[in-house]
Amino acid sequence: MLTIKEKIAEIKKKIDEALANVKFTKSLYEIKMKFMGKGGEVSDLSKSMRDVAPEDRPEVGKQINELRCWADGKFGELDEKLKAEELERKYAEEKIDVTMPVRESAEGAYHPNTLIRNELVSVFSGMGFEVFEGPEIENDYYNFTALNTPKDHPARDMQDTFYLSNDLLLRTQTSAGQIRVMENKKPPIKILSPGKVYRSDDDATHSPMFSQMEGLVVDRGITLCDLKGMLDEFAKKIFGEDVKTRLRPSYFPFTEPSVEVDVSCFECGGKGCRLCKGTGWIEVLGAGMVNRRVLQGCGIDPDEYTGFAFGMGIERIAMLKYGINNMKLLFEGDVRFLKQFKD
Ligand code: DAH
């Protein structure tokens, strides 16, 4: 039988051996539990005090206490050392070299439609317009009837419509949004309404889906001069400082009088070139004074208020401004085309 002293010496040796190759605090704690925890060799030693003769107990107790102190010291010391090493390793692993060159990631670009839309919104919000976006699925009333285009009206033929049911359709014009705004808001009204519209139309300059930007101003004393002044400002900002505008008489059921708006050719300065087909002018949008009947239908008194409205095709503006000759390019998503708009 080993004496307590011998047992203690043996445990110390075992602890020393167990700790010799420890690299991580986790293994250290496991070893510590094995010796010092419940059922561990050091705890068992304390239990064996019961078998020691009463006169020897003080001495044996002292020796066991010394063993505990010694072991605590050992574990504690190694714990600190390992923790410091682990921290060092963590710092080394997480170190960032701020002088390393960055890896270039492929960056997208705004679609030309988005570029023009943002530019238009920015120009008009600078003049105090607020953006209102109406629904793409409209009913017959908002898209046509309330815009003074009742069922058998010949002007319906101007826009070939996709019907979803007898009453529901894909809106053919953002003008539909004008009605929604006027129904819900009393003048002064100054809104801009960009969005997608749909028509059964498909060639180099038409697509079944395209985008429009609508504008509407209603207040006391609004005249065609206000429209002209605002259009001059818009044309300068979008096409260039030297660009002029002109109004030509036209027809839209929801405006009276109605006009077609041309800008002087920004390519040739008005002399005549391929872009303006030799005329010096380029048609950019439709506009007019809001028809009395449209105001009335929305509960706005046409004797008290007047207004103007305008609507333009965003793709058309993009094609003119960027010299794009086929509208399909704007919808095909060809990266070789799109990346040219990266600035
Ligand atoms: N909605 C017309 C179209 O799609 C464009 C338009 C013309 C809008 C005159 C207007 C306007 O607001 O006053 O062809």
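Our focus in this paragraph is helix α8 (residues 224–239). With 16 residues, α8 extends 22 Å between its outermost C-alpha atoms, agreeing within 8% with the 22 Å of an ideal straight helix rising 1.5 Å per residue. The complete set of buried residues in α8 reads Leu227, Met230, Leu231, Phe234, Ala235, Ile238 and Phe239. The arc that holds the buried residues of α8, viewed along the axis, is 140°, so those residues lie on one side. Among the structural elements, α5 (112–126), β6 (245–252), β7 (255–264), β8 (281–290), β9 (306–313) and α10 (314–322) are those in contact with the buried residues of α8. Where α8 begins, the capping side chain belongs to Thr223, and its oxygen is found 3.2 Å from the backbone nitrogen of Cys225. Immediately downstream of α8, the backbone of Gly240 shows phi near 130°, a positive value.

A few words on the confidence of the model for the protein chain. Detailed conclusions should not be drawn from predicted coordinates in areas where pLDDT is low. Averaged over every residue, the pLDDT of the protein chain is 93; residues scoring 70 or more account for 99%. Across the protein chain, the element-wise mean pLDDT spans from 85 in helix α3 (residues 41–47) up to 98 in β9.

Below, the discussion takes up unusual backbone geometry. The residue after Pro187, namely Pro188, is reached through a cis peptide bond having omega 5°. Relative to the helices and strands, Pro188 is located in the loop between α7 (176–184) and β4 (189–198). In the segment running from Glu256 into Pro257, the intervening peptide bond is cis, with an omega of -5°. Considering the arrangement of structural elements, one finds Pro257 in strand β7. Of note, Asn148 is a non-glycine position whose phi angle comes to about 60°, a positive value. Looking at the element boundaries, Asn148 is found in the loop between α6 (140–143) and β3 (168–170).

This part is about the site of the ligand. The full set close to the ligand counts 16 residues, and Gln173, Ser175, Arg199, Gln212 and Glu214 are the nearest of them. At 2.8 Å from a nitrogen atom of the ligand is found a side-chain nitrogen or oxygen belonging to Gln173. When the ligand is considered free in solution it has 350 Å² of accessible area, and contact with the protein chains removes 92% of it. Of all the secondary structure elements, the ones that give two or more residues to the shell around the ligand are β5 (209–219), β8 and β9. Classifying every residue of the shell around the ligand gives five nonpolar, nine polar and two charged.

For any two aromatic rings, the description comes down to two numbers: the centre-to-centre distance and the angle of the planes. This model, assessed by the stated rule, comprises ten aromatic pairs. The interplanar angle of 80° and the centroid separation of 6.3 Å between the aromatic rings of Phe234 and Phe239 together place this pair among those described as edge-to-face. Each member of the pair, Phe234 together with Phe239, is buried. Between the NZ or CZ atom of Arg180 and the centre of the ring of Tyr142, over which it lies, the distance is 3.9 Å.

Calculation criteria
- Residues numbered from 1 in each chain as written.
- Predicted model: local features only at pLDDT ≥ 70, side-chain atom pairs only at ≥ 80, totals over all residues.
- Heavy atoms only, no water.
- Helix = DSSP H or I, 4+ residues; strand = E, 2+ residues; numbered from the N terminus.
- Expected span 1.5 Å × (residues − 1).
- Buried < 20%, exposed > 50% of the residue type's maximum accessible area, 1.4 Å probe, protein only.
- Arc of directions from axis to C-beta.
- Contact = heavy atoms within 4.5 Å.
- Polar contact = N/O pair within 3.5 Å; in protein donor to acceptor, adjacent residues only side chain to side chain.
- pLDDT = per-residue confidence, 0-100.
- Near = heavy atom within 4 Å.
- Areas by Shrake-Rupley, 256 points an atom, 1.4 Å probe, with all protein chains shown as cover.
- Nonpolar A, V, L, I, M, F, W, Y, C, P; charged D, E, K, R; others polar.
- Phe/Tyr/Trp six-rings, centres within 6.5 Å; stacked < 30°, edge-to-face > 60°.
- Lys NZ or Arg CZ within 6 Å of the ring centre and 35° of its normal.

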